[in-house]
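Structural features, examined
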Amino acid sequence: MNGEKRSPAALIVGIILLVYALLLKRHEAAAIPGALMELMNYLKAGKTVDTQVGVGIWAGTIISLFGIWNLVQPAMKSKFDMVVRAPMAGAGMMIILAYLCRFYFEPLFKLWGKAAEPALGFNFATIFGLNYILLGVLLGLIWVNTIGVPKWMQSGVKTARLAMKMGVISLGAMYSITELRYLGAMSFTMITIFVMGTAILVLWLSQMMKIARPLAGVLSAGMAVCGVSAAVAAAPVVKARGIDMAYSIGMLLLVGVVGLFTFPPIARIVGMNELQFGAWAGTGILNSAQVAAAALIFDPNTIETLKVAEIFNITRILFLPFIVIILAIWFAKGEEEAEAGTKVNLGRIIVDKFPIFVLGFLIMFALSSTGVFTPKDHVLHGKHFYSFKIDEKKELRTRDLKKVQAFIESGAVTDPKIKAALEKLVADRQITSVEQTDLVLKAQDFTKDKDLKKVFKDADKKVQAKPKTLEVMREYMMWFFAFGLIGLGMQITWQTIRQAGGKAATIGVIAGITKAVLSFFVVWLFIKGTI
Amino acid sequence: MFKRILIATHGTEGAKKAESYAIGLAREFGAEIHGLYVIHKDLGSLVGIEWLHNSHVRMEFYRHAESEFNRRAEEVLEAFRELATGIEVTPAIRVGDPVEVIADEARNKGADLIIIGGSSNGRSEEYKAKVSLKKLSKIAPCPVLIANNTSMISAREVVWSLARQIKN
């Protein structure tokens, strides 16, 4: 703990952030054209200057102020000091790392990937998906396993948990009711089958290999539900021995990490879409943090994959209390002679093990569906928001409209609905409803003319809207996730993974591979189309 | 020659060897034994990647884990005490980096010999951790005896070879 000593760490980190942001701001005003801006241009990160300056100034100011406080008066053991003041330095450092990954490493790898393409025959940056999320996880992972996390950062790294929760809660605002219903039903079916299937498989294997019941219990919860988190919830209930916990957590972490790094490239090679990958990762990857990471590694630019994966993830998390109950009953049965007096308190388990942030997620979703985050005329449809308010800016150019008119007259469109939609487009000069936008997009199938296809796409794009509040929330959400995942990368230690051993390892590998492969085929065969 | 022997044990195969050495030597010299079980500090970060529970669930896990680790430690030390009949054994359980704790404990208790087990080749039922013998030999306040996996030689032989080493 960096508790008792006066630590300058937070102040230093805060000032670094501030200075960087202010430097960028001055460059932006073109006061001093310099090396930093040239680097930005070289990396094609010029567009992100606004965000960089904004986040830098805010975070830098707050962290510096706390830094001064920490320097004048050492952080004590009070709750506020432990939760707010002590983590400042580490949290600031992680923001700096997020900056590095997002604005420097990712563009750098993009350039290198392109540069190496002729020599390698493929772009390694795209195939491996070397985006800032993956680079962040890797950076954290390499950092902790080589130089280790210094003392002044340790309590800051733990705030990653909070950031992950904040990320998932804000994600709640990004769903429409139709999406949630569709994804919810799909995930409920898949997760039920896979959670139950894996739990039974692990328990059966444990019996075959004659593994002690506590170890079998922890392993089955971890393999079936959500990895280390499930193991943590189940261990006290099945009275796991110390070594059982080390064995199974090491195993879960190992299988999870392998999944995290293999799922995205495999999906990219076979050409999965967002929905398919989200469903696969959400079912097949063990640890819930790694699900979010895999989804963002697969697709960091839109949040579609993340949305699918997190619904699966949350469904899985909701299963956790029930699996713990089943394990508790199963375990109590075997231990009857030991302590006949202790009965399983079902109600308490459900209340205790229910992850509260899921409520936050649901509240955000509820708020969002009442429309508080979006202007009144915005409607969410598919991936995008639309606004159909009549506006000159949304109108198509006259020569494009003439093309559409000619297309209608050519009689190529056989579907009367689409024809009507196109006629209305010509009359109004813009799209005016959700149904119409779908029909206009469908009209692309009736022509091979690339220009005409583009006209239809443009017509759709012009009525798309970007609600400001949600855009800002999305930006912050990505920061939460980037921050959280760097921190969680820093918790994947070889020291823990190497505990994996004994029969637990065999069972873990069998169950992990079975789950990953089966869920791949289920997704591949049964989940088609997009959200 | 030896008055206080510190033995660090985990109850594993390698440690069992160390235990026999300690008992043999203690009998030979009429020394007392400090039995030390170190709970590795990294066990605290076992649940690192876990993020979704509230602090209540985490605390429950930590409490459970703590009591389990302590129970195991007590078992190991108790078994050792039973083995060392007629020798005065003071048990101690401490949490930390094994090397640092062993050296520290030896210093505090005024031990004049540290005995630890060598790496065991077989599967161990314990938390796996690298113990840097180099570091231990550097910071230990007294000689360190490493009980390896080769066949037992008589305690006297060991002591003589040790004594020769110390002289040089």
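As the structure is a computational prediction, the values presented were derived from the model and not from experiment.

What follows concerns the overall build of chain A. Assigned secondary structure in chain A consists of 25 helices and 3 strands. Taken along its principal axes, the extent of the C-alpha atoms in chain A is 85 × 60 × 50 Å. Across chain A, the fraction of contacts at a sequence separation of at least 24, relative to all contacts at a separation of at least 6, is 79%. The average position of the 56 basic charges and that of the 36 acidic charges among the side chains of chain A differ by 6 Å.

All right, on to the packing of helix H11 (residues 213-224) of chain A against helix H25 (residues 502-526) of chain A then. Residue and element names in this part refer to chain A. Closest axis-to-axis distance for the H11/H25 pair is 11 Å, and the angle between their directions is 25°. The orientation of H11 relative to H25 falls into the category roughly parallel. Remark: the crossing between H11 and H25 carries right-handed chirality. Across the interface between the two elements, Leu 215, Leu 219, Met 223 and Ala 224 from H11 touch Ala 504, Ile 507, Gly 508, Ala 511, Gly 512 and Lys 515 from H25. Of the residues contributing to the contact of H11 with H25, the split by class is 7 nonpolar, 2 polar and 1 charged.

So, on to the sheet that holds strand E2 (residues 384-387) of chain A. Residues and elements named next belong to chain A. In space, the 3 strands of this open sheet follow the order E1-E2-E3, with antiparallel pairing throughout. Of all the strands in the sheet, just strand E1 (378-381) and strand E3 (464-465) have a single pairing partner and so form its edges. Direction of pairing for E1 relative to E2: antiparallel, over a ladder of 4 bridges. Its bridge partner being in E2, Val 379 is matched across the sheet by Tyr 386.

Every contact between the two is made by 29 residues of chain B and, on the other side, 45 residues of chain A. Counting each side, the surface lost to burial between chain B and chain A is near 3,200 Å², with a carbon and sulfur contribution of 62%. The largest contributions to the chain B side of the interface with chain A come from Ile 49, Trp 51 and Leu 52 of chain B, which together make up 28% of the buried area. Across the chain B-chain A interface, the total number found is 0 salt bridges. Summed over the shared surface of chain B and chain A, the number is 6 residue pairs in polar contact (both at pLDDT 80 or more). Class assignment for the residues of the side of chain B that touches chain A results in 11 nonpolar, 7 polar and 11 charged.

Here we come to helix H17 (residues 346-353) of chain A. Those residues of H17 of chain A lying buried are Ile 349, Asp 352 and Lys 353 of chain A. Across the axial projection of H17 of chain A, the buried residues extend over an arc of 80°, all falling on one side.

Turning next to the packing of aromatic side chains. Residues and elements named next belong to chain A. Following the criterion strictly, the structure yields 20 aromatic pairs over all chains and no others. Consider the rings of Tyr 99 and Trp 479, whose centres lie 5.5 Å apart with planes at 55°: the pair is tilted. In this pair, Tyr 99 sits in helix H5 (residues 88-120) while Trp 479 sits in helix H23 (residues 468-489), placing the two residues 380 residues apart along the sequence. Neither Tyr 99 nor Trp 479 differs from the other in exposure class; each is buried. Between Phe 277 and Phe 298 the ring centres are 4.2 Å apart and the planes differ by 20°, which places this aromatic pair in the stacked class. A residue pair is termed long-range when its members are at least 10 positions apart, and Phe 277 in helix H14 (residues 274-284) and Phe 298 in helix H15 (residues 288-298) qualify at 21 residues. Judged by relative accessible area, which is 0%, Phe 277 ranks as buried.

For Ile 147 of chain A, the location among the structural elements is in the loop between helix H7 (132-146) and helix H8 (151-157). It is 46 Å that separates the C-alpha atoms of Ile 147 of chain A and Gly 382 of chain A, two residues lying 235 residues apart in sequence.

Residue and element names in this part refer to chain A. Val 225 and Phe 277 are the most contacted members of the largest nonpolar core, which has 134 residues in total. For this core, the element with the most residues is helix H16 (residues 304-334), which contributes 15 residues. Every residue in contact with Phe 277, bar those within four places of it in the chain, is listed here: Phe 263, Pro 264, Ala 267, Met 272, Gly 282, Ala 294, Ala 295, Phe 298 and Thr 305. Counting 35 residues, the second-largest nonpolar core is a separate cluster that includes Val 55, Ala 59, Ile 96 and Leu 97.

This part covers the domain arrangement of chain A. Residue and element names in this part refer to chain A. If you check the domain split of chain A, you get domain 1 (9-129), domain 2 (169-334 + 346-374 + 475-499) and domain 3 (379-465). Inter-centroid distance (C-alpha atoms) of domain 1 to domain 2 is 30 Å. For the pairing of domain 1 and domain 2, the buried interface totals around 1,200 Å² over both sides, and the portion due to carbon and sulfur atoms is 76%. Three residues, Met 94, Arg 102 and Ile 127, lead the burial of domain 1 against domain 2; their summed loss comes to 41% of the area buried on that side. Connecting domain 1 to domain 2 are 2 residue pairs in polar contact (both at pLDDT 80 or more). Within the residue set of the side of domain 1 that touches domain 2, elements represented by two or more residues are helix H3 (49-72), H5 and helix H6 (124-127). Top contributing element to the side of domain 1 that touches domain 2 by residue count: H5, with 8 residues. Counted by class, the side of domain 1 that touches domain 2 contains 10 nonpolar, 3 polar and 1 charged residues.

If you check which residues of helix H21 (residues 434-442) of chain A are buried, you get Val 434, Gln 436, Thr 437, Leu 439 and Val 440 of chain A. Considering only its buried residues, H21 of chain A is in contact with E1, E2, helix H20 (416-428) and helix H22 (450-463) of chain A.

What counts as what
Residues numbered from 1 in each chain as written. Chains lettered and ligands numbered in written order. Predicted model: local features only at pLDDT ≥ 70, side-chain atom pairs only at ≥ 80, totals over all residues. Heavy atoms only, no water. Helix = DSSP H or I, 4+ residues; strand = E, 2+ residues; numbered from the N terminus. Contact = heavy atoms within 4.5 Å. Lys, Arg positive; Asp, Glu negative; His and termini not counted. Charge placed at Lys NZ, Arg CZ, Asp CG, Glu CD. Axes fitted to C-alpha atoms, helices over the stretch in contact; angles between N-to-C directions. Parallel < 35°, antiparallel > 145°, perpendicular 65-115°, else oblique. Left-handed = near helix turned anticlockwise from the far one by under 90°. Nonpolar A, V, L, I, M, F, W, Y, C, P; charged D, E, K, R; others polar. Pairing = 2+ DSSP bridges. Buried area = accessible area lost by both parts, 1.4 Å probe. Salt bridge = Lys/Arg side-chain N within 4 Å of Asp/Glu carboxyl O. Polar contact = N/O pair within 3.5 Å; in protein donor to acceptor, adjacent residues only side chain to side chain. Buried < 20%, exposed > 50% of the residue type's maximum accessible area, 1.4 Å probe, protein only. Arc of directions from axis to C-beta. Phe/Tyr/Trp six-rings, centres within 6.5 Å; stacked < 30°, edge-to-face > 60°. Core = buried A, V, L, I, M, F, W, Y, C linked by side-chain atoms within 4.5 Å. Domains from an automatic or database assignment.

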